[in-house]
Amino acid sequence: MTVAVTIDQVGKSFGNGAPALSNVSLDVKPSELVALLGPSGSGKTTLLRIVAGLEQPSHGRVLFDGHDALSVPVRRRGIGFVFQNYALFRHMTVAENVAFGLRSRPRAERPSEAEIRSRVADLLALVQLESFGGRFPAQLSGGQRQRVALARALAIEPKVLLLDEPFGALDALVRKELRRWLRELHDRTGHTTLFVTHDQEEALELADRVVVMGKGKIEQIGTPDDVYDRPETAAVFGFMGESSRIEVDVKNGVALAGSTAIAAATLAVPDGPGLLYVRPHDVTLGLHGTAGLKGQVRAFRRHGAIRRVEIAVGTAVLEADIAPTVRVPIGEKVAVRLDRARLFASDGPGVDTKAPPAHQPGDYAI
Ligand code: ADP
Ligand code: MG
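What counts, and where the lines are drawn
Residues numbered from 1 in each chain as written. Chains lettered and ligands numbered in written order. Predicted model: local features only at pLDDT ≥ 70, side-chain atom pairs only at ≥ 80, totals over all residues. Heavy atoms only, no water. Core = buried A, V, L, I, M, F, W, Y, C linked by side-chain atoms within 4.5 Å. Buried < 20%, exposed > 50% of the residue type's maximum accessible area, 1.4 Å probe, protein only. Helix = DSSP H or I, 4+ residues; strand = E, 2+ residues; numbered from the N terminus. Contact = heavy atoms within 4.5 Å. Salt bridge = Lys/Arg side-chain N within 4 Å of Asp/Glu carboxyl O. Pairing = 2+ DSSP bridges. Near = heavy atom within 4 Å. Polar contact = N/O pair within 3.5 Å; in protein donor to acceptor, adjacent residues only side chain to side chain. Nonpolar A, V, L, I, M, F, W, Y, C, P; charged D, E, K, R; others polar.

Draft legend 1. Molecular detail of the nonpolar core. Counting residues in hydrophobic clusters, the biggest one holds 42 residues, and the most contacted among them are Val98, Leu150 and Leu182. No other element matches the seven residues that helix 4 (residues 142-155) contributes to this core. When neighbours within four sequence positions are excluded, Leu150 is seen to be in contact with Val82, Leu161, Leu163, Trp181, Leu182 and Leu185. Ranked by size, the runner-up nonpolar core spans 29 residues in total, among them Ala263, Ala265, Val283 and Val313.

Draft legend 2. Here's a closer look at the pattern of salt bridges. In the structure shown here, the tally under the stated rule is 25 salt bridges. Each of the salt bridges in this network shares a partner with another, and the network as a whole consists of Arg175, Lys176, Arg179, Arg180, Asp199, Glu201, Glu202 and Glu205.

Draft legend 3. Molecular detail of the pairing of strand 6 (residues 79-82). Side chains Ile79 and Phe81 project from strand 6 onto one buried face, and the interleaved Gly80 and Val82 project onto a second face that is buried too. By the bridge criterion, four bridges tie strand 6 to strand 7 (residues 160-164) in an arrangement that is parallel. Considered in strand 7, the bridge of Val82 is made with Leu163.

Draft legend 4. Focus on the site of ligand 1. Lining the immediate surroundings of ligand 1 are Phe14, Asn16, Ala20, Pro39, Ser40, Gly41, Ser42, Gly43, Lys44, Thr45 and Thr46. At a separation of 3.4 Å, a nitrogen atom of ligand 1 approaches a polar side-chain atom of Asn16. The contact in question runs from an oxygen atom of ligand 1 to an N or O atom on the side chain of Thr45, over 2.8 Å. Of the residues belonging to the shell around ligand 1, the class tally is three nonpolar, seven polar and one charged.

Dropping the structure here:
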């Protein structure tokens, strides 16, 4: 059983300042796994709670398969919910936790005890905890507890699965492992799923589509490739992975950092202040005197498999990733090429950039 979820112009105000959500609209297809990604306070949990029925919106509609869901009480809405802090019942065993949603149904709708036991065994196998049914939550690791929480959410055969930062309290390695595991589980079970996270890597790796949220609004909806490669706003670029953010002045389509022409827009952008974003792996360094902007190394540090170098170009400072075998002493003069960067005019949409025109006034400032 899998349903489409329609969130239509949903707003929520708690009456204390800016609304938590303003006019949020989103269509989730049956069996789709959608990540809601955004910084803390951007309204992710509020949206999830509204879909679950734990909160009423100030306005707007929520539909399951085209039918109004807001008038359906929480218990009847068919939601499986997993929170960040594994809200397992501490005095119940793992098996009792998983069975809870079924045992607490009214008698007429409750499966027989034999059916409940069999379903619990199936679910524990699904989350790879077959032999853990008799344990108590305190006897499990954090990752195991979250798998129990997921089994418990799945026990009621939910129409929609809502996961609010389910791996937020786990350490990085366990998070990664559970992320892949959840994706596989989703591919097998096919529940329509809304997954909240503030971790862009998690959203990109896990989701069919990513909804990037900021300050109660949707900034962009797209596939992981869309939001990473074609961010529509400066906020999305800044949020999707590591990048250098350079304040520039745009004059005749050329982005200036101080008096240095650092990039040129591929499409018309209005003159005025702008923001140039570039990712460290989209910057190439060359020997001093070769084609490129004139830059000077300010710092470097080891960063996983690569070396990350900080370079001053005009008034801008940007980061570049290079092979760790390459030595670039501090103070070294280098040529800098921005292979791919995006320029955002003040509050405007982003455009890709190309190399700046040569011999702009002040181009070779360093
Ligand atoms: P996120 O999950 O993205 O961190 P939330 O949905 O929890 O964001 O919160 C969005 C905004 O709504 C925040 O400014 C938060 O303070 C506010 N908010 C959330 N829940 C309540 C509440 N019960 N009462 C008042 N304000 C709330
Ligand atoms: Mg939250």
